[in-house]
Amino acid sequence: MEYNKEMNASNILNVSNYIVKNPTQYKGKWNKFFNNNNPIHIELGMGRGNFIIGMAKAYPKINFIGIELNESQTAYAAGRLVGQNLPNLKMICMNANDLYLVFGKEVDTIYLTFSEPWPKKIDESKRFTHVNYLKTYDRIFKKNKHIIMKTDNKGLFAYSLESLSQYWYSFKRVSLDLHHEEEPIPNSNILTDFEANYQKEGNKPIYYVDAVYED
Ligand SMILES: C[S@@+](CC[C@H](N)C(=O)[O-])C[C@H]1O[C@@H](n2cnc3c(N)ncnc32)[C@H](O)[C@@H]1O
């Protein structure tokens, strides 16, 4: 069963076992919640969830949590999981601004996938790679910081490389054309919904960065 317009998003959010309803109660306890010591990876703005579902299937020894602000998108993602058994995947409908209320220092990797570019200067602080967000991520990363970003937006990408490097991240891998690299980039075959649609439009490049800050 897939979520469709006739179904009520909030009903799906209420009944799906993949949705965590009161996530703040698990702050600092997500490994206990998953009942293992596996790494925790989160995706911000997962949309309809294709990427995080694909990652959870590919990596059963990693715990994945998809974060999404929009109820309908979250419900669509959860609806895709009906009848599937993925104990390493959960989803939360929340604003990424509040990440620090939900996570202690326990996150290993953050994925930023086709995030809103917020091109106007006045909206700069809403970009997921704005320094305020980078400071929020500091509060939830376990030890080393690890951000993987992919986007079709050149402006957001350039901004993010600058913002990340000014915040002392270094880049393990950068691509100006993710899907046409001679040496394939890990997991580049696991597409987001936006990415899959974007690819259908033609041979447009997707920008990618794997950024780390290691103590
Ligand atoms: C362009 S869509 C990309 C969705 C998905 N990552 C993909 O590639 O298919 C951006 C998503 O980020 C979500 N979003 C925007 N701001 C957010 C915030 N502050 N917290 C959580 N999600 C947010 C939007 O609701 C939207 O679903």
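Let me begin by describing the structure that accompanies this report. (Residues numbered from 1 in each chain as written. Predicted model: local features only at pLDDT ≥ 70, side-chain atom pairs only at ≥ 80, totals over all residues. Heavy atoms only, no water.)

### Let's talk about the overall build of the protein
In terms of regular secondary structure, the protein is built from eight helices and seven strands. Counting every position in the protein, which comprises 215 residues, the buried fraction comes to 49%. Sequence-distant contacts in the protein: of pairs separated by 6 or more residues, those separated by 24 or more amount to 75%. Surface exposure of the protein reaches about 11,100 Å², of which carbon and sulfur atoms provide 49%. Within the protein, the 24 negative side-chain charges are centred at a point lying 6 Å from the centre of the 26 positive side-chain charges. (Helix = DSSP H or I, 4+ residues; strand = E, 2+ residues; numbered from the N terminus. Buried < 20%, exposed > 50% of the residue type's maximum accessible area, 1.4 Å probe, protein only. Contact = heavy atoms within 4.5 Å. Areas by Shrake-Rupley, 256 points an atom, 1.4 Å probe, with all protein chains shown as cover. Lys, Arg positive; Asp, Glu negative; His and termini not counted. Charge placed at Lys NZ, Arg CZ, Asp CG, Glu CD.)

### Considering the nonpolar core
Ile42, Leu44, Leu99, Phe103 and Tyr137 are the most contacted members of the largest nonpolar core, which has 33 residues in total. In terms of residue count, the dominant contributor to this core is helix 6 (residues 131-140) (four residues). Not counting chain neighbours up to four residues away, the residues in contact with Leu44 comprise Ile67, Ala96, Leu99, Ile110, Tyr111, Leu112, Thr113, Phe128 and Tyr137. Formed by 29 residues, the second largest nonpolar core is a distinct cluster that contains Ile12, Ile53, Ala78 and Leu89. (Core = buried A, V, L, I, M, F, W, Y, C linked by side-chain atoms within 4.5 Å.)

### Some words on the side chain of Arg127
Relative to the assigned elements, Arg127 resides in the loop between strand 4 (109-113) and helix 6. No salt bridge is formed by the buried Arg127; its nearest oppositely charged neighbour, Glu124, is found at 4.7 Å. At 3.3 Å, the side chain of Arg127 and the backbone oxygen of Pro119 are in polar contact. (Salt bridge = Lys/Arg side-chain N within 4 Å of Asp/Glu carboxyl O. Polar contact = N/O pair within 3.5 Å; in protein donor to acceptor, adjacent residues only side chain to side chain.)

### Side note on the site of the ligand
The full set close to the ligand counts 18 residues, and Gly45, Glu68, Ala96, Thr113 and Thr192 are the nearest of them. Glu68 places a side-chain nitrogen or oxygen 2.5 Å from an oxygen atom of the ligand. Ala96 places a main-chain nitrogen or oxygen 2.9 Å from a nitrogen atom of the ligand. The protein chains hide 85% of the 590 Å² of surface that the ligand would expose on its own. (Near = heavy atom within 4 Å.)

### Overview of the sheet that holds strand 2 (residues 63-68)
Strand order in the open sheet formed by seven strands is 3-2-1-4-5-7-6, and the pairing between neighbours is mixed. Each edge of the open sheet is held by one strand with a lone partner, namely strand 3 (89-93) and strand 6 (170-175). Averaged over all adjacent pairs, the angle separating strand axes in this sheet is 15°, with direction ignored. Inspection of the sheet shows strand 1 (residues 40-44) paired to strand 4 by four bridges, in the parallel sense. Along strand 4, the bridge assignment pairs Ile42 with Ile110. Seen against the sheet, helix 4 (residues 71-79) touches strand 2 and strand 3 and runs at an angle of roughly 165° to strand 3. (Pairing = 2+ DSSP bridges. Axes fitted to C-alpha atoms, helices over the stretch in contact; angles between N-to-C directions.)

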